[in-house]
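Residue-level structural notes
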Amino acid sequence: MSTYKNSYFDVIILAGGESKRFGEDKCDHELDCKTFLQRIVDQFANPIIVTNKKRLTLNKGIQIIDNFRLGPLKGLELGLELVRAEKFFLTGCDFPFIKYDLAKYLCDKLDDFDIVLVDNGELQPLLACYKTLFVKEKIRYAKRLLDLVNLAKRVYIVGTFELKLNGFPLYILKNVNMWTDLEPKNEKITFSKLLINSP
């Protein structure tokens, strides 16, 4: 059982998307009497929440209102201003089943890498731990979140096989963009890999 204290890494939750495919603001969508966003916020001590509107029902966290609405990269830039730790975990309302233990697992592996992210059939920049200094130095060269992977010198990509071996249920990786994403599906098995980009 985790303690839900993320003292050595900060957490940024991106909650300002338009949710066009979902048909409503998915951050406000309730599942078992909790919104997607509240389910995520509850996992962390004091997350930085980049949102397109004030979320009055949240009981903790630091909210930053994103008036620009220029996408996840701009949201990350806004959240980065409040990051004080040497590393941070980045997620969004797309992942309402995320658990603190996964964030800690990824951030524990970060020491030798610029980024540690999950591959659940696709690389997930919103299921990732980043070195703060690396992102502050390279974000200006990126046009989208995944560009950071190509700008990094060393990236560790955590596959679902590794996560299963370490006791993580794969439902916590469920990326919800449409209603049908909430339905049970076959789990994709991916394998961990190291990515080294040349300068």
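Structure first, text after, so check above.
A few points on the structure. (Residues numbered from 1 in each chain as written. Predicted model: local features only at pLDDT ≥ 70, side-chain atom pairs only at ≥ 80, totals over all residues. Heavy atoms only, no water.)

1. Some details on the pairing of strand β9 (residues 154-159)
Counting buried residues along β9, five of its six residues qualify, which places the element largely inside the surrounding structure. Inspection of the sheet shows strand β7 (residues 115-119) paired to β9 by five bridges, in the parallel sense. The residue of β9 that forms the bridge with Leu117 is Ile157. (Buried < 20%, exposed > 50% of the residue type's maximum accessible area, 1.4 Å probe, protein only. Helix = DSSP H or I, 4+ residues; strand = E, 2+ residues; numbered from the N terminus. Pairing = 2+ DSSP bridges.)

2. Description of helix α2 (residues 72-80)
Inspection of α2 places Leu73, Gly75, Leu76, Leu78, Gly79 and Leu80 among the buried residues, and these make up the whole buried set. Looking at the packing, one finds that the buried side of α2 touches β1 (10-15), β4 (48-51), β5 (62-65), β6 (87-92), α4 (132-138) and α5 (147-151). (Contact = heavy atoms within 4.5 Å.)

3. Some words on the environment of Pro47
Mapped onto the secondary structure, Pro47 falls in the loop between α1 (36-41) and β4. Taking relative accessible area as the criterion, Pro47 reaches 0% and is therefore assigned buried. Along the chain, Pro47 and Asp10 lie 37 residues apart, while their C-alpha atoms are 6.9 Å from each other. Apart from the residues within four sequence positions on either side, Pro47 is in contact with Val11, Ile13, Val41, Gly61 and Ile62.

4. Observations concerning the packing of aromatic side chains
Under the counting rule described, the total for this entry stands at nine aromatic pairs. For the pair Phe9 and Tyr100, a centre-to-centre distance of 6.1 Å together with 20° between the ring planes defines the contact as stacked. With Phe9 in the segment before β1 and Tyr100 in helix α3 (residues 100-108), this residue pair connects regions lying 91 residues apart in the sequence. Each member of the pair, Phe9 together with Tyr100, is buried. Summarising the aromatic geometry, the rings of Phe161 and Phe191 are spaced 5.2 Å apart at their centres and angled 45° between planes, so their arrangement reads as tilted. You can see Phe161 sitting in helix α6 (residues 160-165) and its partner Phe191 sitting in the loop between α6 and β10 (193-196), a full 30 residues away along the chain. Judged by its relative accessible area of 52%, Phe191 falls in the exposed class. The rings of Tyr8, Phe9, Phe44, Phe89 and Tyr100 are connected pair by pair, giving a single aromatic cluster. (Phe/Tyr/Trp six-rings, centres within 6.5 Å; stacked < 30°, edge-to-face > 60°.)

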